Structures are given as structure tokens and as C-alpha cells.
Amino acid sequence: MTVVAESFVLPERRGTAGRLSDFFWRHPHVLLTVLLGPPLLWLGIVYLGSLFALLLQSFFSIDEFSGLINYEFTLATYRQLFSEANLDIILRTVSMAALVTLVSALVAFPIAYYAARYARGKWKALFYLAVMLPLWSSYLVKVYAWKLILAKEGILTWFFEKLNVLWLLDAWLALPVVGGNSLSVSYTGTFIVFVYVWMPFMILPIQAALERVPANLVEASSDLGGTPAQTFRHVLFPLALPGIVAGSIFTFSLTLGDYIIPQIVGSSRLFIGQAVYAQQGTAGNIPLAAAFTVVPIVIMGAYLWMAKRMGAFDAL
Amino acid sequence: MTTAVLFDNVSRHFGAVRAVDRVNLSIAEGEFFAMLGPSGSGKTTCLRLMAGFEQPTAGHIEIFGETAEGVPPYRRSVNTVFQDYALFPHLSILDNVAYGLMVKGIGREERRKAAEDALAMVKLPSYGARRPGQLSGGQRQRVALARALVNKPKVLLLDEPLGALDLKLREQMQEELKSLQKSLGITFVFVTHDQGEALSMADRIAVFNEGRIQQLGRPEDVYNRPTTRFVADFVGSSNVLSAKLCQRLGLKTASASLRPESVAIAPAADGALSLSGVVAGRSFLGATNRIVVDVDGNRIAVASPAAQSVPAMGTPVTISFAARDLHPMEDA
Amino acid sequence: MRSEKINRVPLGLKIAAAAGLAFMHLPILLIFLYAFTTEEKTYQFPPPGLTTQWFAVAWNRPDVWAALTLSVKVAAIATAAALVLGTLCAAAVSQTRFFGRETVSLLIILPIALPGIITGIALRSAFSIADIPFSFWTIVLGHATFCIVVVYNNAVARFRRISGSLVEASMDLGADGFQTFRYVILPNIGTALLAGGMLAFALSFDEVIVTTFTAGQQSTLPIWMLEELIRPRQRPVTNVVAMIVVIVTFLPILGAYYLTRDGDQIAGAGK
């Protein structure tokens, strides 16, 4: 009937597969190399190689007359980077990223908290999808939607008109810095779109962090006489913080490098992403573009290091 | 008698950790062999060495006279019942049991028949169409057993097979495993941290601690005559008498073991040994009372029948025991 | 009593959460409305009238079709490459122990942890240094690079759920490495790979930031849309395309959700 093993060692499976299998079993390092080789070669050569080549170029400079790259090591490009106009761009981008992150956290927290603490069963799944769908839907379509909304003849103006508070909008637009001709060419518009597009990335990490807080901790706090505000400040917020930091990695990094949103909805003043785009494109100054990209890399490096120390990666 | 498994000075080190340290053992064909010890004692690593999931750092392993080193697990006629059963969640029970035959290229009809027979053997004849998730813990355990036995292994390895079951089921499965092993005549090697399980099922027991075998012998010997302090303590909590007490009793060993049930609270009869002390603790265990008597700082436990009256705390008492119940041990 | 406590939601929280969700969804719904507007020149709200004629117009636009075809082709090939590379990496990281595992995880996540513009410009300058002309394949190369992480995240999450003893059990029962992969590993990670592939497809289909740097003269659908956004030529067609893009990206997301819902979540934060 069945094969009764005559001896302890069973016969080898015939064919190449059997032999190769035995070979891999005897040499697990070869197997590991076969598994890791292709992805590491791809990422190592295609990605890291490109990145390294780019960073290298930031130490070259551009010849002002010929417009050609001068392949000699110099820090001139970095001196150029820290010129007043460019510092202005960097400062503007970083403050925008910080503000977007802060407001995203404020908007995301109630949604994440509700989903983590109160949504159950079918509702929980629905909540999850309600976060995932906007998160994953097309970036350009989302930006486009806001172009429709913020346009002078668009829904927002119409809405303010209907409520008879159009003067409020006009007053806001008359303000310096945040105002402008219409919302779609103001910092306010840029800011709203940034928050809209990147805020969903904040929800899931916060939700994950909150879900790890046992419900009875909150009950224990109120049992010990804590008001809801105290419970939030001393129990929930500290425990949700790693999630907020994890989410902020995305909102911050994505805002820092974006060049499309400020181009479509915003004033003519540049953000880092636009500067990089302009320097490598029309200006043809690859070294300066490369130096510009170093800024988000350094900022994100510091940010990630800090986040890691706070244990935010466990919430990812 | 053929030797099923032979360990010759086998060591398995993980970096600086000596999981298994110079172990020698020989398991006879058809034997029900237990490896007993606390977690981290090396018993599971020994099992994995037999299955082929680990390779020895040093030493030599033979299974049925053939060298085991370098033979992959899938080419060993050795099968394992895993602690968490490791049933394939995506396959039906029948396909789970037939898996070993399937990968060996046995025809569909033949392996279905064999798998059904195996399921009948573990008393789950009509469960073939179900999925592992639909079975209780005890049923999964039986499926895991059938899945291993259908391959007719020369050695069956069981890793804490009953650990996840409740007490009642565990006792029932102990009986069944024992009778299954007797009827099939296959060598069983099982790993457990439960001394009761090892004592009741095994033909022989190897007690492990810190990667080494402390004692290897029949259950009665390991229980009654522990040779080291560790075994005395781990297997049924024997009393360990210090060198000083041994000396007082006329023994010339570093220490000796004495089972609580061999001690009585009574003056010595003819030929018996006795010690005096005071009652330092009492607890009711059901069938017996456990009375701890302090003899000059040595605490000696006495298992006294529940029917007997229990002396009050601090009462001076005399304890007595037969000289043959006192077993000299190797270490202090 | 305890459940009563849980179910009593503070009103403020309810409003804040509902407002947040509305903020996320209403703009997308607006896209659907605009696809039917009769207004051609402006973004006027409310629409003066509703029509379905723009669907026919969009249907007959060869440039839309060309962009759509290119996007689908790029996404398909980038997804295939990401599936192979991401699965290999996930298998290595979760099934074996080796020195430098953390570094490998970091390397895989880097292309999405750094802003897309950096990946884009790095690839572009590398292409120019290596004298590689822009083509279909340069787009695919860029897309596959950041799609790997999506597949990897899904596969690693599933690998973690397969208990290590399943693989050992298979080997113990006589299956060699290839048989174990085919009969145990693949059936158990299959849906996770499918989900990862769908997400990778959605990601690639939608990508614009890296693509602008690696595309040269060709237009993927997002590039086409971007051009329309910067220099609007025919707004109604853009409206229709935007709606179609929303629907096309929703399908793989829903699919991925249903494939992975019991247990691991889609590694959504890994977009």
C-alpha cells in the first residue's frame, strides 16, 4: 500500500528541483543570496546609486557663462543655497510643513479616536474603508477637486454668498501673507489642499496607537477622579503620541517635497519642491537642485532619528 | 535490540548559549522515550536535532544505524507532532493528513484511503472534509498525530503534545497515546515539562537541565532514586538532606534524597532512622497533608495521610523513615 | 454596564469625527457632479445644467486613450516587477535570520519615506549621467522602485502570520523547499500578494511626481491631467477623466481590502 520506509534516510526526489532543494538546504546562505540579490541589486543600484550620484552633484558647481557643470569639488553651490532668497524658500516650506502637520493631527485625532474606541464590527470596517479610499484615491484628482472648490466662481464662494457672509471671505483674502486675489492663489488655499491631501496619512497610525491603549486605562483614570480633559491630557495624549509622530513623518515629509500643489493652488512664491523642479528644469542648474534636495533629506533624517527615539516606528 | 536513536557526545550551541551540551543517549526501537525538563533545558533542541531542523555543532547522531547529520528533514523517515499542531489552515483535514503522501507522489485514491484509515485510527473518521479552524484543540491534536503516523515513520517525535489540552483531555490522551504506541510498535520520543506525564507514559525518561542530561532511567528510578539535587527537586519534589544530616544518619555522601511519602511523623520502629524537629508549616493537599518539619534548619516535607491528625505549628515531633528510602546523590 | 459606557459617545467627538470624514469625502463627490456639468469655460457652481455628452467626447479623444493605455501598461509591468522583488525580499526578511535585516527594511522603505521629488530627480540625473534616453522603460523603472515597498509590506505582514512551524511541518512531512513553497507558502500568502499587487497597481496608475522626471515626451494619465491642470484646454474632458480615475483607483483598493480584511490591515500608511 503506502511506501514503508526501508531505511531512515528517504530517497532523494528525482530531477533538478530535488537536487537544488537539497543544495539550498545545505547552503542556506546561497538561498539567502538568491532571495535578497535581485531586490537589493535593484534598490542598491537603481535607487541608492541614483541618490548618491545626485548628492555628489551638489558638490559641483555650474559655470555661469556656458551653463555647463563644472566637475570640481566645491562648496559654492551650498553657499548659493544659503543665500537669502533660497533661505526664504526653505523657511517657507518648513513652516508650511509644520503647520500642515499640526492641523492634520488636530483633524485626524477625533476620527482616529472614534474609530479606535467606539466603532465596532461593521462600523469599524466602514470607518477603515472611509479612511482608506480618500487616502488612496488619485492625488491629482484630489488637487483638482480643490481647484474646483476654491475657484472664484466655485462652490465655496457660492456657499459664503448663500449664508450672506461673503464679506468674511473678502476680509480674510485682504489680510497680508495668507490672503490674495482668490483662495486658489493664496497661501490659505495651498494650506487647505496640503491638509486635505496628506491628513489621511495621519489617521491610521494614531488609530493604531490608540487601539493599543486598553479601554480600562481610560476608565481607571475617570475612576480615580480625572475629568475628561485631564484623562485626555495625562493618559490618552501621551499614549497616542507615538502614533501622531509616526503619522507626522508622512505629512511632514510629503509636504516638504511637494511641488505640484503650490504650483496649481497657491501664490507665485516658491516652495522647496518647486525650486528643485525649476533649478533642474528651466534653469538647468542640477548642482543647486541637488543641494536643495539635501535639505529635506537632512530634515527628514533628523526627524526620523527623533521619531525612532520616541518609539514611533512601532506605531507604523 | 536495534538502536533507534543514538546521540554520541552531541552539542548544539547558539553563539555563546549551549542549548545542548555533550549529550549521550540511546533510544531502543519500539521504546516510548520521554525528554523531561524545564523550558530552556535543551530537550526541545534535542528533538529538533532528531527531526533535522537543527544540526549538531559537535558530536554524532545516528538514527537506525544511519548518520543523521546533513540529512534534510524532508528526507528523514521521522515525523513530528508539533506543539501548536501546525495544521495547514488552507487545507481540509483529509488533505492535511494526506500531505506527506502527496509530496511523495502517491496517487490520489491511495492516499485518500490511507488518510481515512489514519483518521479512523485517531477516532475522527468523518472529519476529513472540515478545516482545522473548525476543530477543537483535542481534535486538532489527533489530526496532527494522524498526519504524522500516516507516513509510517521509523521514529515519531512529539513536542509537548498535550500541553495545550485541559487536564481531563490530557489524561485521556495519555492513555490513548500509550496504547497507540504499543499497538503500532513505533519508537516515540516525546518532550514534556510535566513530570507526571513523563512518569505515566514513558518507558524511560531523560531529565534535562541546562543542556545536559541529569539522569536517564526508568520512571520508578528517576522518581524514587534521583541522582542529582536537580532531579530530586524537579521530579516530584523530593527532600534533599544536607551532608551534615547525612553524616548524622551515618551516610558518607554529599547529600541524599528522601521522598515525602516515605517519611512518617512517628517514633522510629525497629531498624528505622529518625530525626527530631518542630512543625514549621502545614497545608492540606486533598489526599494528603503536607507537613514541613524543621530539623536544625533543614526543612523536610512529610506527606501524611489526610486521616491522620496534624500537629500544631511549633510542636516538637520525631520523624522516621526506613534506611532504604534514603538515596545517596552525586552532588551537594 | 461596561458596554453602555463604551457606547455613549461624547457629542463633540461625534461632530468632530463626522466633520473630518465629510472633509475627506465631499471634494471627491464634487468631482462626480462636475463630470456632468454643461459649463465649459469655468468652474461655476452650481452647474448651470447637467449633461452626459462629455463622456462621449472623452471617449473619442485619442490623447486620453493613449495616456490611459500607457498608464495601464506601465502599472502592469511595474507591478509585476514589484511583486517578484517585494516577495523575494519579504521571504528573506521573515523566513531567515541574517545580519543587516533592519538595513534591508530601511532600504525598501526609503523610496517612499523620502519625498517623491528626490526619487524623481535622482533617477533623472542618473539617467542623464548614464546616457539612458527617456522611454517607456525609464517610467517603469521608477515606478517599480517605489511599488516594491507596497508588495513587501503586505507580504511581510502575512508571512508574520504564518506560524514558523507550518514550514517546518511541511518539511517534516517530506516536502522539500520547492514543494513547501508551492503547497504551503504560496496558498497562504497568495491573497496578500494579490492585495499588494492591486495596491501597487493603484499607486503606479496614479503616480505623477516621479513620473514627470522619468517620462520624457510620453504622457501617462496623471501627466495628462497635470498638464490640463496647469494649462486647462478642455475642462469638461478633464472632469470626466478625473471621475474615471477615481473609480478606477477605488476598485483595486476595495479588492485589496476584501482580500486582507481578516487579520492584517492593508499596509495603507505605506503609500
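Position numbers for residues count from 1 along each chain, tracking the sequence in the order it is written. Numbering of ligands from 1 and lettering of chains from A proceed in the order in which they are written. Where local features are concerned, this predicted model is filtered to residues with pLDDT of at least 70; where side-chain atom pairs are given and counted, the filter is 80 or more; whole-chain, interface and lining totals use all residues. Note that water and hydrogens are dropped before the side-chain values are worked out from all heavy atoms of the structure.

Before going further, it helps to spend a moment on the overall build of chain B. Of regular secondary structure, chain B possesses 9 helices and 18 strands. If you line up chain B on its principal axes, its C-alpha atoms span 75 × 45 × 35 Å. The classification of residues rests on relative accessible area computed with a 1.4 Å probe and restricted to protein chains. Under 20% of the type maximum is buried, over 50% is exposed, and intermediate values are partly exposed. In chain B, which comprises 332 residues, the proportion classed as buried is 53%. When contacts within chain B are restricted to residue pairs at least 6 apart in sequence, long-range pairs at least 24 apart make up 64% of them. With an accessible surface of roughly 14,100 Å², chain B has 50% of that area assigned to carbon and sulfur atoms. Starting at the N terminus, helices and strands are each numbered in turn, a helix being any DSSP run of H or I of at least four residues and a strand any DSSP run of E of at least two. Two residues qualify as a contact provided that any one of their heavy atoms is within 4.5 Å of a heavy atom in the partner residue. To be clear on the numbers: accessible area is Shrake-Rupley with a 1.4 Å probe, and residue cover counts the displayed protein chains and nothing else.

This next bit is on the overall build of chain A. Helix and strand counts for chain A stand at 15 helices and 2 strands. C-alpha atoms define the radius of gyration, and 2.2 Å times the number of residues to the power 0.38 defines the globule rule. Taken over C-alpha atoms, the radius of gyration comes to 27 Å for chain A, far larger than the 20 Å a tight globule of 316 residues would show. Each of the three principal axes of chain A carries a C-alpha extent, and together these read 95 × 70 × 40 Å. When each of the 316 residues of chain A is scored for burial, the buried share is 53%. Pairs at least 24 residues apart make up 68% of the contacts formed inside chain A by residues separated by at least 6 positions. As displayed, chain A offers around 14,900 Å² of accessible surface, 68% of which is attributable to carbon and sulfur atoms. Just so you know, the count uses Lys and Arg for positive and Asp and Glu for negative, and it drops His and the chain ends. Where a charge sits is defined by one atom per residue type, namely NZ (Lys), CZ (Arg), CG (Asp) or CD (Glu). The average position of the 19 basic charges and that of the 16 acidic charges among the side chains of chain A differ by 8 Å.

Once that is clear, we can look at the domain arrangement of chain A. Boundary definitions for the domains trace back to an automatic or database domain assignment. Looking at the assigned domains, one finds that chain A contains domain 1 (15–57) and domain 2 (82–315). The C-alpha centroid of domain 2 of chain A is placed 37 Å from the C-alpha centroid of domain 1 of chain A.

Turning to the interface of chain A and chain C, a few remarks are in order. A common way to report how large an interface is uses the accessible area buried once the components associate. Taken residue by residue, the interface counts 83 residues in chain A and 89 residues in chain C. Buried area counts how much accessible surface, traced with a 1.4 Å probe, disappears from two parts once they are put together, with both parts' losses summed. Carbon and sulfur atoms supply 79% of the area that chain A and chain C bury against each other, a total of about 8,400 Å² over both sides. Considering only the side of chain A, the residues that lose the most area to chain C are Y47, W136 and Y144 of chain A, jointly responsible for 11% of the buried surface there. Definition used for salt bridges: Asp or Glu carboxyl oxygen within 4 Å of a side-chain nitrogen of Lys or Arg. Applying the counting criterion to the chain A and chain C interface returns 0 salt bridges. The greatest single-element share of the side of chain A that touches chain C, amounting to 16 residues, is contributed by helix α2 (residues 28–57) of chain A.

Take the interface of chain C and chain B next. Counting residues at the interface gives 19 residues for chain C and 23 residues for chain B. Roughly 1,700 Å² of surface becomes buried between chain C and chain B when both sides are summed, with 61% attributable to carbon and sulfur atoms. Three residues, E168, D172 and L173 of chain C, lead the burial of chain C against chain B; their summed loss comes to 40% of the area buried on that side. Counting every contact that joins chain C to chain B gives 1 salt bridge. Across the salt bridge formed by E168 of chain C and R48 of chain B, the nearest N and O atoms sit 2.7 Å from each other.

What follows is about empty space enclosed by the protein. Here a cavity denotes a set of grid points, spaced 1 Å apart and computed over the protein atoms alone, in which a 1.4 Å probe fits but from which it cannot get out, and a pocket denotes an open set meeting protein on both sides within 12 Å along at least five of seven lines; residues with an atom within 4 Å of a point are reported as lining. Grid points are joined across faces, edges and corners, and a volume is the space filled by probe spheres set on the points. On inspection of all chains with the given rule, the structure shows 3 cavities of 30 Å³ or more. Here the largest cavity defines a volume of roughly 410 Å³. Every residue lining the largest cavity is counted, 25 residues in all, and those nearest its centre are W198 and L254 of chain A together with L203, E207 and I209 of chain C. Of all the secondary-structure elements, those providing two or more residues to the lining of the largest cavity are α6 (139–150), α9 (187–198) and α12 (228–257) of chain A together with α5 (101–113), α6 (116–129), α9 (177–206) and α10 (209–214) of chain C. Take the lining of the largest cavity: its biggest share by element is 3 residues, from α6 of chain C. In this structure, the second largest cavity spans a volume of roughly 40 Å³. Elements that contribute at least two residues to the lining of the second largest cavity include exactly α9 and α11 (221–230) of chain C. Here the lining of the second largest cavity takes 3 residues from α11 of chain C, the largest share from any one element. Each residue gets one of three labels, nonpolar for Ala, Val, Leu, Ile, Met, Phe, Trp, Tyr, Cys and Pro, charged for Asp, Glu, Lys and Arg, and polar for the others, Gly among them. Of the residues belonging to the lining of the second largest cavity, the class tally is 6 nonpolar, 1 polar and 1 charged.

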